[in-house]
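# Structural overview
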Amino acid sequence: MKTGMIFDIQRASYVDGPGIRTTVFFKGCNLRCKWCHNPESQSAAPQMLFYKDKCTGCGKCREECPHQLISCDLCGRCTVYCPHSAREICGKEYTVDEIMRIVQRDKAYYGQSGGGITCSGGECMLQPDFLAAFLSSCNQDGIHTAVDTAGDVPWSSFEKVLPFTDLFLYDVKCVTESLHIAGTGCSNIRILENLQHLSDICGDRILIRVPVIPGYNDSIEEMAKIADFVKHVHCRGVELLPYHRMGEHKYDALGMTASVYDMPTSENMAIYRSMFEK
C-alpha cells in the first residue's frame, strides 16, 4: 500500500488555486529557498517543533519523556502531555484512503466554488508515485486537482502525474541561474526546461507563480527577464506573490535561523504587475 509523508492538511484554503480548496502539504524539498515560509517542509523525515513562547516551564514534558528530553525518538508523549501545545511532531505517513476521507468532507464546497484539492509542500513531486495515486483517486471522485511545484524533478515525475492534474501552479523564482543558485542552493536549468516542455503539452493547465522577494529578485532587470521568459511560454496566466513573514516563528521552533527580508510595497508590486501585463 502506497503511503506519503505529509506535514499538514489545510481545509478551506483560498490561496492555493481557484475556489475553496483543501491543501495537502507533502514533506521534503530539494530546494533551500532563503525566504521559505514552511521550513518544516524541507526535511523528508518527521521532526519535533518546540515553540518556546508557549512553554511555561511546568516540566510535564520532561516527566513523561522516556529520555527526559536528553534525546528524542519522536514517540510523541511530550506533545500529548504538554498543557500548552508547545511541542509538535511534524510529518506523518498517510495512505491515499486516509487523505481522501479528509478531502471528501468538503466536497460540496469544491463543487459550489469551483475548488478542489491542491498538493503542495515542500515539493510534492518528490513523491511522484504516491502523488499520482492520490490525484487519480481525486479524479475518480470528480474532484479538481492542482499541483504546486518548483519543477526541479526528473521529467518522468511529470509524466506520472500529468494524466491526473487539472492545474499546475508552477513557481518561477528568477531566470538568472547564478541568482537562483544564490537564493535556493540549486540551478534553475531543469526547472525552466521542464516548464517549457510542460507548456508545450498542456499550457492551458499552467499558472505561473512568481514570489517577489525584495533584495533578491525584485530588480527591474530580473523582473524583465522573467516577464520575457514567460512571454514565450504557453500558460493561462501569471501570479505575483509578495513575500510575507508568517513562517518566521517556525524557524526558531526547529532550531533554525530565518533569513529576513522586507515585504514589497504596494507601489512596487503595481510596477511589476504592469511589466507582466504588457
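Just so it is clear, the model here is predicted, and its values are computed rather than measured.

### Thoughts on the pattern of salt bridges
In a structure, side chains of opposite charge can pair up when their charged atoms sit close to one another. If you walk through the whole model with that rule in mind, you get 14 salt bridges. Among the salt bridges present, the one from Asp152 reaches Arg190, with a minimum N-O distance of 3.0 Å. On the criterion of sequence distance, the pair formed by Asp152 in the loop between β7 (144-149) and α6 (155-161) and Arg190 in helix α8 (residues 189-202) is long-range, its members being 38 residues apart. Its relative accessible area of 35% is what places Arg190 among the partly exposed residues. Note that Glu248 is salt-bridged to Arg245, the shortest N-O span being 3.8 Å. Accessibility expressed as a relative area gives 25% for Glu248, which makes it partly exposed. Take Arg245: its relative accessible area is 34%, and that puts it in the partly exposed class.

### Things to note about α8
Between its first and last C-alpha, α8 extends 20 Å over 14 residues, near the 20 Å set by a 1.5 Å rise per residue. Within the span of α8, buried status applies to Ile191, Leu192, Asn194, Leu195, Leu198, Ser199 and Cys202. Looking straight down α8, one finds that the buried residues subtend no more than 160° of arc, so they occupy a single side. Projecting away from the buried face of α8 at angles above 90 degrees are the exposed residues Glu193 and Asp200. Elements that come into contact with the buried residues of α8 comprise α6, β8 (167-171), α7 (177-184), β9 (206-212) and α9 (220-231).

### Concerning α7
All buried positions along α7 are accounted for by His180, Gly183 and Thr184. With its buried residues spanning 80° around the axis, α7 presents them on a single face. As for α7, its buried residues are in contact with α8. Within two residues after α7, Gly185 carries a phi angle of roughly 85°, on the positive side.

Criteria and thresholds
Residues numbered from 1 in each chain as written. Predicted model: local features only at pLDDT ≥ 70, side-chain atom pairs only at ≥ 80, totals over all residues. Heavy atoms only, no water. Salt bridge = Lys/Arg side-chain N within 4 Å of Asp/Glu carboxyl O. Helix = DSSP H or I, 4+ residues; strand = E, 2+ residues; numbered from the N terminus. Buried < 20%, exposed > 50% of the residue type's maximum accessible area, 1.4 Å probe, protein only. Expected span 1.5 Å × (residues − 1). Arc of directions from axis to C-beta. Contact = heavy atoms within 4.5 Å.

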